[in-house]
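# Inside the fold
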Protein chains: 2
Amino acid sequence: MAFHGSTLNAQSSAADCRHLIRSGAWGGPTAGLAARYVQVNLVMLPAAEAGDFLRFAQRNPKPCPVLAVSEPGEFALPEMGDDIDLRRDVPRYRIFEDGQCMAEVGDIVEIWRDDLVTFAIGCSFTFEHTLLEAGIAIRHLDEGRNVPMYRTSIQTHPAGRFGGGMVVTMRPLKAVDAIRAIQITSRFPGVHGAPVHLGDPALIGIADLSRPDFGDAVTIAADELPVFWACGATPQIALLQAKPSLCITHAPGHMLITDRLNHHYATL
Amino acid sequence: MAFHGSTLNAQSSAADCRHLIRSGAWGGPTAGLAARYVQVNLVMLPAAEAGDFLRFAQRNPKPCPVLAVSEPGEFALPEMGDDIDLRRDVPRYRIFEDGQCMAEVGDIVEIWRDDLVTFAIGCSFTFEHTLLEAGIAIRHLDEGRNVPMYRTSIQTHPAGRFGGGMVVTMRPLKAVDAIRAIQITSRFPGVHGAPVHLGDPALIGIADLSRPDFGDAVTIAADELPVFWACGATPQIALLQAKPSLCITHAPGHMLITDRLNHHYATL
């Protein structure tokens, strides 16, 4: 094995990360690991309920950008990497039955079913990596917090039982950085793409930026604009509300690390 | 000749426009004529003073995007169109001596000099055409006014005697349209490119949006952001301040209509 002890960091390879996670030696969050590689949100649903969800995602690509979908029962995901085991390569999984979280576990080998379809959904880690490379500071990273997330009055386009309001992340930026960030994230439609709003939060139904619905508040300077991107929490909440008989996801912040480079998802 | 009477309009070809202008039958502004074709600002300087100006433009491509430069004394401009006569194809010219406007004339055949270098500078007409195609309304066009222009505290990078503050145009847009407009205009670096600012005008030294320094004020709705683009008035003012011995420009709004399609200047 290529492990250098049992420490993982930003320079680790995606394969090393997955192997250590699979061995059970790493059960923590994946933020900051293997920084050049795409991390994805996972949603697993029985095939009977997967069709509606895929249609929901197709209609809402900004909050729900699907990068890969497995065949039913398939626990490899060759589009995203060699030797991925979807049952064991995420540090922590959450198991939902009828919309209720029933357990949080380190692997799902025992409960795997032959009808499970896995969705790999793009994550803002990818565009944040690219913003940082462009010299744009990201406030919540500098302040050591989770990105602030807000429910909005922007409605998703429903499909079957899936629907509801869009959740957004917010990053405060000076105008010149906001313009540059719009350019950069526009190149990455597979990981939420361009912002959905900037400026006055009340226009999208956010009453108070200092009180996010999820994550942590961050400092906003007087010369900064709040810039809002569609967030992967949108499908998570749609799933809670749709109450499928079974749904397995990664635990928040405990993502699947793939072999795809962040730059792979730049459209140009 | 291919004229259809002496009327020119948005559907006219660039060549028809130039021929009618050259004949003296059209002396008015060119806004709205031959809408698919690039119109350019012209600046003509003696070769001895042209080097500084070109260096100024190279350092300030957003307010001063040079699309073509003639050889000294050349009054064709084959890069921008067939059969262009720079001495006669603009409806009105202004002649400046030592920074003072001495005359406004319909052609410059009599005063042409063999050392004159002509700069063709991109104009926001091109990106406005593309915004309109994308379904983004432009307030000053809807209100039948000139675009509002403002002096700012953003300093240009000086070269020789050329320098001073950047002038910007302002278009009020809803956030989603502002984001889309940033994407679209980013594709057109040859015609001012992406905005230089959006949001709070005080941050770039503009005290009152209702009192533009040039052009006309326009309505700004409560759910709109002011979006600011670098403006070709920047080099005009730099020229007035630098006081070259001779400078010939188009009269405001009386541009050279070229054979280049607006889409020719999209970088992608």
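Residues numbered from 1 in each chain as written. Chains lettered and ligands numbered in written order. Predicted model: local features only at pLDDT ≥ 70, side-chain atom pairs only at ≥ 80, totals over all residues. Heavy atoms only, no water.

Filter applied, for reference: UniProt positions are given in the numbering used here, feature names are shortened, and annotations may be inferred rather than shown by experiment.
If you check an unreviewed UniProt entry, chain A appears there as Putative hydro-lyase ACIPEN_05945 from Herbaspirillum chlorophenolicum. You can read under Sequence similarities (unreviewed entry) in the UniProt record for chain A the words "Belongs to the D-glutamate cyclase family."

### Looking at the packing of helix α3 (residues 125–133) of chain B against helix α5 (residues 175–186) of chain B
If you want to describe how two helices pack, look at the angle between their axes and the distance between the axes. Residue and element names in this part refer to chain B. Under the convention used in this document: All axes here are fitted lines through C-alpha atoms, helices being fitted over the stretch that makes contact, and every angle between N-to-C directions spans 0 to 180 degrees. Note on conventions: DSSP H or I runs of at least 4 residues are helices, E runs of at least 2 residues are strands, and numbering of each starts at the N terminus. We call two directions roughly parallel when the angle between them is under 35 degrees, roughly antiparallel when it is over 145, roughly perpendicular when it lies between 65 and 115, and oblique otherwise. Each crossing is labelled by how the near helix is turned from the far one, with a counterclockwise turn of less than a right angle marking it left-handed and a clockwise turn marking it right-handed. It only takes one pair of heavy atoms within 4.5 Å for two residues to be counted as in contact. Three classes are used: nonpolar for Ala, Val, Leu, Ile, Met, Phe, Trp, Tyr, Cys and Pro, charged for Asp, Glu, Lys and Arg, and polar for all others, with Gly counted as polar.
Remark: α3 packs on α5, axes separated minimally by 10 Å, with the N-to-C direction vectors making an angle of 130 degrees. Overall, the two elements α3 and α5 adopt an arrangement that is oblique. α5 is crossed by α3, and the crossing has right-handed handedness. In this structure, α3 uses Phe-127, Thr-130 and Leu-131 to contact α5, whose residues at the interface are Ala-181, Ile-184 and Thr-185. Taken together, the residues of the contact of α3 with α5 break down into four nonpolar, two polar and no charged.

### Some points on the relation of the copies chain B and chain A
For the record, the criterion: The superposition of copies rests on a least-squares fit of C-alpha positions from residues with pLDDT of 70 or more in both.
Mapping chain B onto chain A is achieved by rotating through 180 degrees and translating by 0.0 Å along the same axis, at an RMSD of 0.0 Å. Interpreted geometrically, this transformation is the action of a two-fold axis. Nearest to the rotation axis, the C-alpha of Gln-183 of chain B is located 3.1 Å from it, this being the minimum over chain B. The fraction of interface residues of chain B whose copies in chain A are also interface residues reaches 100%, indicating that both copies meet through the same surface.

### Things to note about the environment of Ala-15 of chain B
Residue and element names in this part refer to chain B. Selection rule: Residue burial is assigned from relative accessible area. The probe radius is 1.4 Å, only protein chains are included, and a residue is buried under 20% of its type maximum, exposed over 50%, and partly exposed in between.
Following the sequence through the fold, Ala-15 ends up in helix α1 (residues 14–23). Since its relative accessible area comes to 27%, Ala-15 is described here as partly exposed. The spacing of Ala-15 and Pro-252 is 237 residues in sequence and 21 Å in space, taken between C-alpha atoms.

### Concerning the interface of chain B and chain A
Operational definition: Summed over both partners, the accessible surface that disappears when two parts come together, traced with a 1.4 Å probe, is what is meant by buried area. What makes a salt bridge here is a side-chain nitrogen of Lys or Arg within 4 Å of a carboxyl oxygen of Asp or Glu, nothing more.
Of the residues lining the interface, 16 residues belong to chain B; the matching set on chain A comes to 16 residues. Interface of chain B and chain A: buried area, both sides summed, is about 1300 Å²; carbon and sulfur atoms make up 78% of it. If you sort the residues of chain B by the area they bury against chain A, Ile-179, Ile-182 and Leu-198 of chain B come out on top, with a joint share of 36%. Inspection of the chain B/chain A interface yields zero salt bridges.

### Comments concerning the packing of aromatic side chains
Quick reminder of the rule: Working definition: rings of Phe, Tyr and Trp (its six-membered ring) pair if their centres are within 6.5 Å, and the pair is stacked with planes under 30 degrees apart, edge-to-face with planes over 60 apart, and tilted otherwise. Lysine and arginine charges are scored as sitting over a ring when NZ or CZ, respectively, is within 6 Å of the ring centre and within 35 degrees of the ring normal.
In this structure the tally under the stated criterion is 12 aromatic pairs over all chains. Between Phe-56 of chain B and Phe-162 of chain B the ring centres are 6.2 Å apart and the planes differ by 40 degrees, which places this aromatic pair in the tilted class. Taken as a pair, Phe-56 of chain B in helix α2 (residues 47–59) and Phe-162 of chain B in the loop between β6 (149–155) and β7 (165–173) lie far apart in primary sequence, 106 residues in all. Phe-162 of chain B matches Phe-56 of chain B in its accessibility class, with the two residues each being buried. Each member of the aromatic cluster is reached from another via a ring pair, and the members are Phe-53, Phe-56, Phe-119 and Phe-162 of chain A. One cation-aromatic arrangement involves Arg-87 of chain A over Phe-75 of chain A; the distance from NZ or CZ to the ring centre is 3.5 Å.

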